[in-house]
Amino acid sequence: MLSQGAEVTSFLKTKPGHFRVYSPSYSLPQQTAALQGIQLADGVDPLQLSAYWSYMLSATGVPSSGYSVTLPDFATGEPSTDNLAIAPDALKLGLLNVCFVIAEYDLSSDGLTLIEQIGSTRIYENCLCQPRAWVDLGFGETRTVEILE
């Protein structure tokens, strides 16, 4: 169970800095990511914060029929194909420090660039990703902050 997605996590661990990962197809299981120290913006959680859930609805583009323990929803219970036709919003995901989007299918979304394919899993880099911590100074200007610990 803990080896699912191991090649993907190995690839991601070569990437510098602090970042999050999102998968509309649950291509990186939560347990594997946690074991390898990869932080996800999606996953399984029965106690989702309402504000985060609402934001992720617009960021992922995945419609919801109501409460689900998974984020994003999987309408038919088939993560590898349920959200196939939905393009995520790279800018909104980038505001959450989502620097990589991983899917079992091709994605066509402004801001996402395919950088690797491992088996059927595609790894996209989000060129609109913001640093883990930053300050919005207004007028489109931001400033990064130094993470000490």
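Above: the structure in question.
Residues numbered from 1 in each chain as written. Predicted model: local features only at pLDDT ≥ 70, side-chain atom pairs only at ≥ 80, totals over all residues. Heavy atoms only, no water.

A.B. asks: I would appreciate a short explanation of the packing of aromatic side chains in the present structure.
C.D. replies: Working definition: an aromatic ring pair is given by the centre-to-centre distance plus the angle between the planes. Under the criterion given, the structure shown has one aromatic pair. On the basis of an interplanar angle of 70° and a centroid distance of 4.9 Å, the ring pair of Phe-19 and Phe-100 is categorised as edge-to-face. With Phe-19 in the loop between helix 1 (6-12) and strand 1 (20-22) and Phe-100 in strand 5 (residues 98-103), the pair connects residues that are 81 residues apart, well separated along the chain. Both residues of the pair, Phe-19 and Phe-100, count as buried. (Phe/Tyr/Trp six-rings, centres within 6.5 Å; stacked < 30°, edge-to-face > 60°. Helix = DSSP H or I, 4+ residues; strand = E, 2+ residues; numbered from the N terminus. Buried < 20%, exposed > 50% of the residue type's maximum accessible area, 1.4 Å probe, protein only.)

A.B. asks: Hey, could you run me through helix 3 (residues 50-60) in this one?
C.D. replies: The α-helix winds at 3.6 residues per turn, so residues separated by three or four positions along the chain end up facing the same way. Inspection of helix 3 places Met-56, Ala-59 and Thr-60 among the buried residues, and these make up the whole buried set. Along the axis of helix 3, the buried positions cluster into a sector of 80°, meaning they face one direction only. Exposed residues on helix 3 whose side chains face more than 90 degrees from its buried face are Ser-50 and Ala-51. Phi turns positive, to about 80°, at Gly-61, one or two residues after helix 3. (Arc of directions from axis to C-beta.)

A.B. asks: Where do I start with the pairing of strand 6 (residues 112-118) in this structure?
C.D. replies: Within a regular strand, side chains alternate between the sheet's two faces. The pairing of strand 6 with strand 7 (residues 121-126) spans six bridges and is classified as antiparallel. Across the sheet, the residue bridging to Ile-118 is Thr-121, located in strand 7. The antiparallel hairpin formed by strand 6 and strand 7 contains two residues in its connecting segment, where Gly-119 sits at a positive phi of about 65°. (Pairing = 2+ DSSP bridges.)

A.B. asks: In this structure, what is going on with the side chain of Thr-60? I would like to understand it.
C.D. replies: Summarising the element assignment, Thr-60 is placed in helix 3. In terms of polar contacts, Thr-60 uses its side chain to reach the backbone carbonyl oxygen of Met-56, at 2.7 Å. In this structure the side chain of Thr-60 is engaged in a polar contact, spanning 3.2 Å, whose partner is the backbone nitrogen of Val-62. Apart from the residues lying within four places of it in its own chain, the contact partners of Thr-60 are Tyr-22, Ile-86, Ala-87 and Pro-88. (Polar contact = N/O pair within 3.5 Å; in protein donor to acceptor, adjacent residues only side chain to side chain. Contact = heavy atoms within 4.5 Å.)

A.B. asks: Could you clarify how one ought to interpret the environment of Ile-118 in this entry?
C.D. replies: Summarising the element assignment, Ile-118 is placed in strand 6. Remark: the alpha-carbon pair of Ile-118 and Val-145, spanning 27 residues in sequence, is separated by 33 Å. Setting aside residues no more than four positions away along its own chain, Ile-118 makes contact with Glu-7, Val-8, Phe-11 and Ile-123.

A.B. asks: Hey, could you run me through the state of the cysteines in this one?
C.D. replies: What makes a disulfide is a covalent bond joining the sulfur atoms belonging to two cysteines. In this structure the tally under the stated criterion is one disulfide. Across the disulfide from Cys-99 sits Cys-129; the S-S distance is 2.0 Å. One disulfide, between Cys-99 and Cys-129, carries an S-S torsion of -50° and so falls in the left-handed class. Pair noted here: Cys-99 is in strand 5 and Cys-129 is in the loop between strand 7 and strand 8 (134-138), with a separation of 30 residues, a long-range link. For the pair shown, Cys-99 and Cys-129 are each scored as buried. Of all cysteine sulfurs, the one in Cys-129 lies closest to Cys-127, which takes part in no disulfide; the gap is 9.8 Å. (Disulfide = S-S within 2.5 Å.)

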